[in-house]
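Single-letter residue listing:
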Amino acid sequence: MDAKGIIALQVHSIGNSGMAGKRIYWKNIRIKTSGLKLSPFPSAIYTVNTRVNSLSDFEINSGWKLLFDGKTSIGWRGAYKESFPAAGWEIKDGMLKVLSSGGAESHNGGDIVTLEKFSAFDLSFDFNLTPGANSGVKYFVTLSENNSGSAIGLEYQVLDDSLHPDAKEGIGGNRTLASLYDLIKAEKTTRFIRQPGGWNTGRIVVYPNNHVEHYLNGVKVLEYERGSQAFRDLVAISKYKIWPNFGEAKEGHILLQDHGNEVSFRSIKIKKLK
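Please read these numbers as outputs of a predicted model, since none were measured by experiment. (Residues numbered from 1 in each chain as written. Predicted model: local features only at pLDDT ≥ 70, side-chain atom pairs only at ≥ 80, totals over all residues. Heavy atoms only, no water.)

Caption draft 1: Region of the structure containing the nonpolar core. The biggest cluster of nonpolar side chains holds 47 residues, and the ones touching the most others in it are Phe121, Leu123, Val137, Tyr139, Ile204 and Ile268. For this core, the leading source of residues is strand 6 (residues 121-129), giving five residues. Apart from residues lying up to four places away in sequence, Leu123 is in contact with Leu67, Val137, Gly202, Arg203, Ile204, Ile254, Ile268, Lys269 and Ile270. Ranked by size, the runner-up nonpolar core spans six residues in total, among them Ala79, Val113, Leu143 and Ala151. (Core = buried A, V, L, I, M, F, W, Y, C linked by side-chain atoms within 4.5 Å. Buried < 20%, exposed > 50% of the residue type's maximum accessible area, 1.4 Å probe, protein only. Helix = DSSP H or I, 4+ residues; strand = E, 2+ residues; numbered from the N terminus. Contact = heavy atoms within 4.5 Å.)

In C-alpha cells:
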C-alpha cells in the first residue's frame, strides 16, 4: 500500500546443497511510468468471475449469459422430456445438483438439456464431485438418436479419477476427468485438480471453424478439430462408431448427465462465438 517502491529480483535461499550453483537469468525487463491510460480487455478475453451464478459488467458487455440462474430450472428440460424432471435433480443453495441413485445411468431423473441449441460457443461451468462420482457435460446433443440411457453427444468427462473405475477404461486414459469421453485424453496433472468436495471450473470452447478446446481450472487440457479425418478415425474405434456422423451436427443442446452419482453444478454460462 506504499505510494511507491523499488522493483526487486529475488535471490532465494538454497536449502538443498545439490542446487548450489544453479542460475536464473532475466532479460527484457521494462516498465512504463507515464502516459498511462485505463484500457478495457478485448471482449474475446476470458475472465474469471468468482461471484457464484452471476455475470460481471464485462461479461455482459462481451455477450455472456447465464444458463442457470441459481434458483430455478428455467432454460432446462429433461432429455426426451417436455419439462424438467420431477425427481432426481435438486436446486438448492445456488446449486443444480443431480442426486444419487446408486450409479445407474439416467435411472432416476435422467439427463437434462438446455432448451436452446448452440453451434460455436464458449461454455464455462463449475462442478463439485462426491467421492467416486461420475457425470459429464455434453455438447452438440441433438436427441435424434432416441436411445435409451444417457443421450448422445460429445462429452466433457466429469469424473473422480481416483475412485471411479471408468478412469481405467477406454483407451489410454480417454475416459478420465476433462477428457473428450472415449476419444481424447485430457493431459493434466494432479495439482490442477480440486478433489471431491472442492469446486472445479470446466470450460469448453467451440470456434466457428470447428476447432474445439477443453480447459480445467484455467489450463487447456486438450484440443481437436471437430469433423476432421483425425476426429473421425477416433470415432471409428470408440463406442460412438454406431452413430452416423457422430459429433458433427451443425448445432445441439448442452447436456448435464445423470449417471446415478451426486454431482453439483453452478455458474453455468455461455457466450456465442461468431
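Back to the text.
Caption draft 2: Just the environment of Asn217, in detail. On the secondary structure map, Asn217 appears in the loop between strand 10 (211-216) and strand 11 (219-225). Using a relative accessible area of 19% as the deciding quantity, one classes Asn217 as buried. Asn217 sits 15 residues away from Gly202 along the chain, and the two C-alpha atoms are 6.3 Å apart. Those residues in contact with Asn217, other than ones at most four positions away along the chain, are Phe192, Ile193, Arg194, Asn200 and Thr201. Polar contacts involving the side chain of Asn217 include one to the main-chain carbonyl oxygen of Phe192, which spans 2.6 Å. Among the polar contacts listed, one links the side chain of Asn217 to the side chain of Asn200, at a separation of 2.9 Å. (Polar contact = N/O pair within 3.5 Å; in protein donor to acceptor, adjacent residues only side chain to side chain.)

Caption draft 3: Focus on the layout of surface pockets. Roughly 390 Å³ of internal volume is contained in the largest pocket. Along the wall of the largest pocket there are 19 residues; nearest its centre are Tyr46, Val48, Asn49, Asp126 and Thr201. Where the lining of the largest pocket is concerned, the elements lending two or more residues are strand 6, strand 9 (199-206) and strand 13 (263-272). Examining the composition of the lining of the largest pocket, we find that four residues originate from one element, strand 9, more than from any other. (1 Å grid on protein atoms, 1.4 Å probe; cavity = no way out; pocket = protein on both sides within 12 Å on 5 of 7 lines; lining within 4 Å. Points joined across faces, edges and corners; volume = space filled by probe spheres on them.)

Everything listed here is a matter of geometry and, on its own, says nothing about what the molecule does.
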